[in-house]
Amino acid sequence: MNYNEFLDYLKENNLTVRQIEKELGYSPKSIQNNWKKKDKVPEKALTTIKKFLKLKKQDLKINTLLNTDINNVQLPSHIYKIAKEKSLKNGITIEEYLSSLIISKI
């Protein structure tokens with residue numbers, strides 16, 4: 001893939017070169033000196049970017065599922081009251097408080 005096709009691919013996937021540098025550990029000079037000047041993006045880099053995009057999409061799906069499940073949870077009023085008090089005391093939301101309880105038990 002040449003460099004312009006690479007930029008188009010990033011744009012299609014709502015990514016920027018800066019994000020690729022940051023998320024995948026590429027240096028700006030590496031991309032400028034090697035990819036842009038040679039007008040060729042290494043196959044290994046493309047594979048890594050594709051895997052990154054796949055993980056990003058999976059993470060989005062998981063977060064959507066978790067948020068949907070959290071929003072559908074019905075708590076008994078006495079438990080809700082305790083959670084509300086504890087969350088206010090700790091300066092966090094009820095969701096954050098309940099999440100921390102769940103994570104601490106896992």
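Structure shown above.
Presented here is an overview of the structure given in this document.

Cut-offs and rules
Residues numbered from 1 in each chain as written. Predicted model: local features only at pLDDT ≥ 70, side-chain atom pairs only at ≥ 80, totals over all residues. Heavy atoms only, no water. Helix = DSSP H or I, 4+ residues; strand = E, 2+ residues; numbered from the N terminus. Rg over C-alpha atoms; globule rule 2.2 N^0.38 Å. Buried < 20%, exposed > 50% of the residue type's maximum accessible area, 1.4 Å probe, protein only. Contact = heavy atoms within 4.5 Å. Areas by Shrake-Rupley, 256 points an atom, 1.4 Å probe, with all protein chains shown as cover. Lys, Arg positive; Asp, Glu negative; His and termini not counted. Charge placed at Lys NZ, Arg CZ, Asp CG, Glu CD. Salt bridge = Lys/Arg side-chain N within 4 Å of Asp/Glu carboxyl O.

### Brief notes about the overall build of the protein
Part 1 of the reasoning: Along the backbone of the protein there are 6 helices and 0 strands.
Part 2 of the reasoning: From first element to last, N terminus to C terminus, the protein shows the α and β order α-α-α-α-α-α.
Part 3 of the reasoning: For the protein, whose C-alpha radius of gyration is 22 Å, the value lies well above the compact-globule estimate of 13 Å for 106 residues.
Part 4 of the reasoning: Across its three principal axes, the protein shows a C-alpha extent of roughly 65 × 25 × 25 Å.
Part 5 of the reasoning: Relative to its full complement of 106 residues, the protein shows a buried share of 19%.
Part 6 of the reasoning: Taking the contacts inside the protein whose residues are at least 6 apart along the sequence as the reference set, 54% of them involve residues at least 24 apart.
Part 7 of the reasoning: Working note: accessible area of the protein is about 8500 Å², and carbon and sulfur atoms make up 56% of it.
Part 8 of the reasoning: Charge-centre separation for the protein: the mean point of 20 positive side chains lies 5 Å from the mean point of 12 negative side chains.

### Focus on the pattern of salt bridges
Part 1 of the reasoning: Under the counting rule described, the total for this entry stands at 1 salt bridge.
Part 2 of the reasoning: Of the charged contacts in the structure, one is a salt bridge between E21 and R18, with a shortest N-O distance of 3.2 Å. Of this pair, E21 and R18 both sit in helix 2 (residues 17–24), 3 residues apart, roughly one helical turn.
Part 3 of the reasoning: When its relative accessible area of 12% is taken as the criterion, E21 is described as buried.

### Brief notes about unusual backbone geometry
Part 1 of the reasoning: If you check the backbone angles, N14 has positive phi at about 55° while not being a glycine.
Part 2 of the reasoning: Tracing the backbone through its elements, the reader meets N14 in the loop between helix 1 (3–12) and helix 2.
Part 3 of the reasoning: A relative accessible area of 64% means that N14 is categorised as exposed.

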